[in-house]
Amino acid sequence: MTTLVTGAGLLGRLIARQLVEQGERVLLADVRRPPPRELDGLPLELCDVTDWEGLCGLIKRNGVRSIAHTAAMLTPAIHRDPLAGVRVNVMGTAHVLEAARRFELGRVVIASSTTVMYSAFSSLPFEPIGEDFTYRIVSERPGSIYAVTKVAGEHLALAYAQLHGVDAVVLRIGAVLGVGAEAASSVPGQMIECLLQAGRAGKPARFENPNLLWGGQEEFVDARDCAAAHVAALHAKAPMQRIYNIGTGRAHTFEELLEMVRRHYPKLGVVDLQLPAGGFSGFPHQRPAASDVSAARRELQFRAAYSLQDTIEHLAAIQGHRDQEGEPGA
Ligand SMILES: NC(=O)c1ccc[n+]([C@@H]2O[C@H](COP(=O)([O-])OP(=O)(O)OC[C@H]3O[C@@H](n4cnc5c(N)ncnc54)[C@H](O)[C@@H]3O)[C@@H](O)[C@H]2O)c1
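Cut-offs applied
- Residues numbered from 1 in each chain as written.
- Predicted model: local features only at pLDDT ≥ 70, side-chain atom pairs only at ≥ 80, totals over all residues.
- Heavy atoms only, no water.
- Near = heavy atom within 4 Å.
- Polar contact = N/O pair within 3.5 Å; in protein donor to acceptor, adjacent residues only side chain to side chain.
- Areas by Shrake-Rupley, 256 points an atom, 1.4 Å probe, with all protein chains shown as cover.
- Helix = DSSP H or I, 4+ residues; strand = E, 2+ residues; numbered from the N terminus.
- Nonpolar A, V, L, I, M, F, W, Y, C, P; charged D, E, K, R; others polar.
- Domains from an automatic or database assignment.
- Phe/Tyr/Trp six-rings, centres within 6.5 Å; stacked < 30°, edge-to-face > 60°.
- Buried < 20%, exposed > 50% of the residue type's maximum accessible area, 1.4 Å probe, protein only.
- Core = buried A, V, L, I, M, F, W, Y, C linked by side-chain atoms within 4.5 Å.
- Contact = heavy atoms within 4.5 Å.
- Buried area = accessible area lost by both parts, 1.4 Å probe.
- Salt bridge = Lys/Arg side-chain N within 4 Å of Asp/Glu carboxyl O.

Undergrad: Outline the site of the ligand, supporting the account with residue identities and numerical values.
TA: Near the ligand you find 28 residues, and of these Leu11, Asp30, Asp48, Tyr146 and Ser185 are the closest. Ser185 places a polar side-chain atom, nitrogen or oxygen, 2.8 Å from an oxygen atom of the ligand. Notes on the ligand: free accessible area 830 Å², of which the protein chains cover 94%. Where the shell around the ligand is concerned, the elements lending two or more residues are helix H1 (10–21), strand S5 (108–113) and helix H6 (145–164). For the shell around the ligand, the per-class residue count stands at 15 nonpolar, eight polar and five charged. Counting contributing residues per domain, the shell around the ligand is built from domain 1 (2–178 + 221–249 + 290–305) and domain 2 (183–215 + 251–286 + 311–325), each supplying no fewer than three.

Undergrad: Which residues make up the packing of aromatic side chains, and what values do they have?
TA: What the rule picks out here adds up to eight aromatic pairs. Note on Phe220 and Phe280: the rings are 5.7 Å apart at their centroids and 80 degrees apart in plane angle, and the pair reads as edge-to-face. Of this pair, Phe220 sits in strand S9 (residues 220–222) while Phe280 sits in the loop between helix H9 (254–262) and helix H10 (294–300), and the two are 60 residues apart along the sequence. Looking at Phe220, the relative accessible area reads 4%, which means it is buried. Cluster of aromatic residues (ring-pair linked, three or more members): Phe207, Trp214, Phe220, Phe254 and Phe280.

Undergrad: Could you give me a rundown of the nonpolar core, with the residues and numbers involved?
TA: Generally speaking, soluble globular proteins have nonpolar side chains that are buried together. Counting residues in each nonpolar core, the largest one holds 36 residues, and the members touching the most others are Met191, Ile192, Leu195, Phe207, Phe220, Leu257 and Val261. For this core, the secondary structure elements donating two or more residues are strand S7 (175–177), helix H7 (187–201), H9 and helix H11 (308–325). Top contributing element to this core by residue count: H7, with seven residues. When residues of this core are assigned to domains, at least three fall in each of domain 1 (2–178 + 221–249 + 290–305) and domain 2 (183–215 + 251–286 + 311–325). Excluding residues within four positions of it along the chain, Met191 makes contact with Leu177, Phe207, Leu212, Trp214, Phe220 and Leu257. In this structure, Leu44, Val109, Val169 and Ala295 belong to the second largest nonpolar core, which totals 35 residues.

Undergrad: How would you sum up the domain arrangement of the chain? Please name residues and give values.
TA: By domain assignment, the chain separates into domain 1 (2–178 + 221–249 + 290–305) and domain 2 (183–215 + 251–286 + 311–325). Each of domain 1 and domain 2 has a C-alpha centre, and the two are 25 Å apart. The interface is formed by 21 residues belonging to domain 1 together with 20 residues belonging to domain 2. Summed over both partners, the interface of domain 1 with domain 2 buries about 1700 Å², with 65% contributed by carbon and sulfur atoms. At the junction of domain 1 with domain 2, the criterion picks out zero salt bridges. Where domain 1 meets domain 2, there are two residue pairs in polar contact (both at pLDDT 80 or more). Listing elements by their share of the side of domain 1 that touches domain 2, those giving two or more residues are helix H2 (36–39), helix H4 (75–80) and S7. The element contributing the most residues to the side of domain 1 that touches domain 2 is S7, with three residues.

Rendered as C-alpha cells:
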C-alpha cells in the first residue's frame, strides 16, 4: 500500500521522509525533480496534478491507497501567474479528490492555509481562532487569489467527503518556516531567509518587499511539525471535524522574532524598518490571536513539538553547516 505525496517541495519531502521512517511505502509526485541532495533517495515520479490522465495512471501503476496533497503554487508564484495558480491549486485538488472517489482510496489529506481566515481578522474576537469562525461572505471574502484557491480546496474536500464518501481531511497550516531549495517559495520562507542571510553576511537586513513584514502578531509553525501533522492526519482514527488548524497556538510580533534571530547574530539590524499597519503577507488587518489548535490535539493526536525559538535555532544551525560545506546558494 503506497501513500502518494503530491508536491516534492519543503513539506512534501519532509512528509515522505517521516512516512519512510515509519516503515511505509511512499511515492512523491512533482512537476519537477528537486536536486538529488534534497530528494535524498526518496522515490519520485514526474507528474503534473493538473494532468488528469497522468495522475490516474500514476495512482494505478503504483498501487496508491492514500494521498497527502501538498502540490500547489504559493503566494509569490500566484502573484506572477494567477491563472496557473487557480489551475494548479483548484483543479489539482479537484483531480486528487476525484481520483480518491474513482479509485476508492483511503485517507486524503489536503494542505490548506490559515490565510483562508485572514480576511476575518478585523471582526474576530481577541481569542484563539477556531476552524469554524464566522465569515462575512462578501466584505470578508478571501483576500488573495492564493486564499481563494485554498478556500475552494477546503470546500471541495468537504463536499467530496459529504456527497461521495471520500475520506478527506484538511490541514489549515500557519506560516511555515523551514529550509530547502523551495523554502523561499513562500512569504514566510522569504522573510526568514532575508534575516538569516543578512545575519550570516554580517550585513543589515533589507526588506524590499513590505509584505514580508507584519504589524501586530503572526503565527509560525516549523516545517517538521507540519509534516508530522500530515502523518498524524493520514493515520487518525476518527477525524470528525475534517478541518484542523496546524500551528503552535502562539503568535509573535516581528520584534520578538528579530530578538530570537539576534541570539545567533547579535549585531543584526534591519534597514529602514517600518512595520505595516496591517498584517502578514499584505493582508489589511492584524491577526487578533493565534489559532485554536485543540481540535488537532483531540482528533489527530497532533501537537507542535517546536517553538519559534527552536525553529530559528534549527534553521540557523543548518545554514551554518551549509556554509561550512561551501554549498552553493547556501
Ligand atoms: N510554506 C508555507 O508557508 C505554507 C503555509 C500554509 C500552507 N502551505 C501549503 O502547504 C503545501 C506545501 O507547501 P510547501 O511549503 O511545501 O511549498 P513548496 O513550494 O515547497 O512545494 C510545493 C511543490 O508543489 C510542486 N508543484 C507545483 N505545481 C505542481 C503541479 N501542477 N503538479 C505537481 N506538483 C506541483 C512544486 O514544484 C513544489 O515542489 C501547499 O499546498 C501550500 O499551499 C504552505
